[in-house]
Amino acid sequence: MDIKKLVAELEAKNPGQPLYIQAAKEVLETIADFVNKNPKYDKYAIVERLLEPERIVKFKVTWVDDKGKIQINRGYRVQHNMAIGPYKGGLRFHPAVTEDTLKFLAFEQTFKNSLTTLPMGGGKGGSDFDPQGKSDAEVMRFCQSFMTELQKYIGPETDVPAGDIGVGGREIGFMYGQYKRLRGQHVGVLTGKGMEWGGSQIRPEATGYGAVYFLEGMLKENKDKIKGKRVVLSGYGNVAWGAALKLEELGAKVVAISGPDGYIVDEDGITGKKIEYMDELLQTRNNVVEPFAKKFKSATFVKGKKVWEVKCDIAMPCAIQNELDAKDAKLLIKNGCKYVVETSNMGCTAEAVAELQKAKVAFAPGKAANAGGVAVSGLEMSQNSQKLQWTREEVDDYLKNRIMASIHANCVKYGKETDGYINYVKGANIAGFIKVADAMIAQGIAY
Ligand code: GLU
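Presented here is a report on the structure given in the accompanying data block. (Residues numbered from 1 in each chain as written. Predicted model: local features only at pLDDT ≥ 70, side-chain atom pairs only at ≥ 80, totals over all residues. Heavy atoms only, no water.)

### What about the overall build of the protein?
- Across its full length, the protein carries 17 helices and twelve strands.
- Here the C-alpha radius of gyration of the protein, 21 Å, is about what a compact globule of 447 residues would show, namely 22 Å.
- Taken over the C-alpha atoms alone, the protein extends approximately 60 × 50 × 45 Å along its principal axes.
- Relative to its full complement of 447 residues, the protein shows a buried share of 57%.
- A separation of at least 24 residues holds for 72% of the contacts in the protein among residues at least 6 apart in sequence.
- Accessible area of the protein: about 18,200 Å², with a carbon and sulfur share of 52%.
- Here the protein contributes 62 positive and 55 negative side-chain charges, whose respective centroids are spaced 1 Å apart. (Helix = DSSP H or I, 4+ residues; strand = E, 2+ residues; numbered from the N terminus. Rg over C-alpha atoms; globule rule 2.2 N^0.38 Å. Buried < 20%, exposed > 50% of the residue type's maximum accessible area, 1.4 Å probe, protein only. Contact = heavy atoms within 4.5 Å. Areas by Shrake-Rupley, 256 points an atom, 1.4 Å probe, with all protein chains shown as cover. Lys, Arg positive; Asp, Glu negative; His and termini not counted. Charge placed at Lys NZ, Arg CZ, Asp CG, Glu CD.)

Here's what the structure looks like:
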């Protein structure tokens, strides 16, 4: 493959889509050598084909607010690749959502889902709807209107959406109810469902748990231990919460979390009741972390600053794309941070990743480290098909010992460099690519 030509085409074909270009460029740069050693991929134009989503559905969502005013939002579903299974990926409701955001997320999802070992293709969707400050009734009316259109394009064997930023149990419930009303079917069309109506144990914790299991693999590779390590998390949502729970259980100390308003530092460690409070704070949907310091005496709120200035051994970005830049990476390195586990999707800028890798910090990309969430969604699909519900222990064991262990092993297999440093970005991209690419070749020129 001619990387220069591909990047030029990518940029020309996707004007105004910097996130998609960033995500795609990273994959191109890391798989180029591997692809060039295996000419079959060029023969079947696999890379070029993967750079184009199979389908993008874009639609209008109208709904009436509590004052009786008509509101108009944009809804999307990007169905990126279906080679290894039905499209699978979350829905993001956030005012900054554009087609670019969802194209990058769907692209990443294809590689991530391939890594999980489960039969899931890649997709992503969402809306520029902002759930913050809306009443439950408004969120319900929006979700019902959104699903009225989306249901034309999804199904348990075609495309199975789930949650992401701004879409949690409440939104999944409203959308599932509407799907059921329109189709008259109680099927596994969404994941992240309630435990009493088709959901899976461990799904709420899965992204955070999975990232910590992946971190354990990284530590082991460095003959290092998790116990006593200082950890800094960004965000205080579902993902950071799951990570905090598992980190506490394994004896690491979470010293900081953050919100859009600033960060909280707590040298006593964020444990027990404080972790429970993260969830309570999230439910208020006020998008601030400051109340945490009012509630717990040991905690201090630092306004408007990024959490990466807090000294740590391990940093886990758990909030949103590009939340950690080159300046932050340099600061982390200076303060002795040894592991960066990207738990949000593309949480680090390309420049930040380059800095970390140059300094030989162990860096895990989101598509490997945060795959536990979608993986347990995959297990939820399996349980729905079986009409069974597995125990917590069964799901956790599968997540830890079969899925996250396999993702880590694959990253090492394809990412280990001659000096022993593991380039997890390269490893994840190559391993994710192979399965999808080989399936595409086997299935002929169909997308
Ligand atoms: N939104 C999550 C992700 O980025 C989960 C997707 C899912 O469960 O389908 O992987």
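### Quick look at a nonpolar patch on the surface
- Together, Val64, Ile70 and Ile72 make up a nonpolar patch on the protein surface, roughly 290 Å² of accessible area in all.
- Residue position: Val64 is located in strand β1 (residues 55–64). (Patch = residues over 30% accessible without salt bridge, like charges linked within 9 Å, V, L, I, M, F, W, Y side chains within 5 Å. Salt bridge = Lys/Arg side-chain N within 4 Å of Asp/Glu carboxyl O.)

### Thoughts on the side chain of Asn14
- Residue placement: Asn14 occurs in the loop between α1 (3–13) and α2 (18–37).
- By relative accessible area, Asn14 is classed as buried at 7%.
- Setting aside residues up to four positions removed in sequence, Asn14 forms contacts with Tyr20, Ile21 and Lys103.

### A few points about unusual backbone geometry
- Notably, Thr117 is not glycine yet its phi reads approximately 80°, a positive angle.
- Position of Thr117 among the secondary structure elements: in the loop between α5 (99–115) and β4 (121–127).
- By relative accessible area, Thr117 is classed as partly exposed at 38%.

### A closer look at the sheet that holds strand β10 (residues 314–316)
- The seven strands lie next to each other as β9-β8-β7-β6-β10-β11-β12, forming an open sheet whose pairing is mixed. Each having just a single partner strand, β9 (299–303) and β12 (362–364) make up the two edges of the open sheet. The mean angle between the axes of side-by-side strands here comes to 15°, regardless of whether they run parallel or antiparallel.
- Its contacts with the sheet put helix α9 (residues 238–249) on β6 (230–233), β7 (253–259) and β10, and the angle it makes with β6 is roughly 170°. (Pairing = 2+ DSSP bridges. Axes fitted to C-alpha atoms, helices over the stretch in contact; angles between N-to-C directions.)

### Let's talk about the nonpolar core
- Counting 64 residues, the largest nonpolar core has Phe214, Leu233, Leu247, Ile257, Met278, Phe292 and Met316 as its most contacted members.
- With nine residues, the single largest contributor to this core is helix α8 (residues 206–221).
- Sequence-distant contacts of Met316, defined by excluding residues within four places in its chain, comprise Ala211, Val212, Val231, Val232, Leu233, Ser234, Ala243, Leu247, Trp308, Val341 and Thr343.
- In terms of nonpolar packing, the next biggest core, distinct from the first, is built from 40 residues, Leu10, Ile46, Ala106 and Ala437 among them. (Core = buried A, V, L, I, M, F, W, Y, C linked by side-chain atoms within 4.5 Å.)

### So, the pairing of β1
- One ladder, built from ten bridges, connects β1 with strand β2 (residues 70–81); its direction is antiparallel. Pairing of Ile56 across the sheet is with Val78, part of β2.
- Hairpin geometry of β1 and β2 is characterised by an intervening segment of five residues between the two adjacent antiparallel strands and by a positive phi of about 90° at Gly68.

### What about the sheet that holds strand β3 (residues 87–93)?
- Strand order across the open sheet formed by five strands is β1-β2-β4-β3-β5, with mixed pairing between neighbours. Two strands close off the open sheet at either side, each with one partner strand: β1 and β5 (159–162). Sheet twist, expressed as the average angle between the axes of neighbouring strands with direction ignored, equals 20°.
- In this sheet, β5 lies alongside β3 in parallel orientation, the contact comprising four bridges. Residue pairing across strands places Tyr87 opposite Asp159, the latter belonging to β5.
- Along the sheet face, α5 touches β1, β2, β3 and β4 and points at about 155° away from the line of β4.

### A few points about the packing of aromatic side chains
- A full pass over the atoms with the stated rule returns 20 aromatic pairs.
- Aromatic pair Tyr209 and Tyr213: ring centres 6.2 Å apart, planes at 65°, arrangement edge-to-face. Of this pair, Tyr209 and Tyr213 both sit in helix α8, separated by four residues, roughly a single helical turn.
- Ring pairing ties together the aromatic residues Phe59, Trp63, Phe93, Phe129, Phe142 and Phe146, which thus form one cluster.
- Between Lys246 and the ring centre of Tyr209, over which it is positioned, the NZ or CZ distance is 4.3 Å. (Phe/Tyr/Trp six-rings, centres within 6.5 Å; stacked < 30°, edge-to-face > 60°. Lys NZ or Arg CZ within 6 Å of the ring centre and 35° of its normal.)

### As for the packing of α8 against helix α16 (residues 392–415)
- In contact at an axis separation of 9 Å, α8 and α16 are set at 45° when each is read in the N-to-C sense. Taken together, α8 and α16 sit at an angle that is classed as oblique. α8 and α16 meet at a crossing whose hand is right-handed. From α8, Ala206, Tyr209, Gly210, Tyr213, Phe214, Glu216, Gly217, Met218 and Glu221 reach across to α16, where they touch Arg392, Asp396, Leu399, Lys400, Met404, Ile407, His408, Cys411 and Val412. (Parallel < 35°, antiparallel > 145°, perpendicular 65-115°, else oblique. Left-handed = near helix turned anticlockwise from the far one by under 90°.)

### Some points on the pattern of salt bridges
- Applying the stated rule across the entire model yields 25 salt bridges.
- Of the charged contacts in the structure, one is a salt bridge between Glu11 and Lys25, with a shortest N-O distance of 3.8 Å. Note that Glu11 is positioned in helix α1 and Lys25 in helix α2, a separation of 14 residues in sequence.
- With relative accessibility at 36%, the residue Glu11 sits in the partly exposed group.
- Among the salt bridges present, the one from Lys367 reaches Glu108, with a minimum N-O distance of 3.4 Å. With Lys367 in helix α14 (residues 366–369) and Glu108 in helix α5, this residue pair connects regions lying 259 residues apart in the sequence.

Keep in mind that these numbers describe shape and distance, not what the molecule does.
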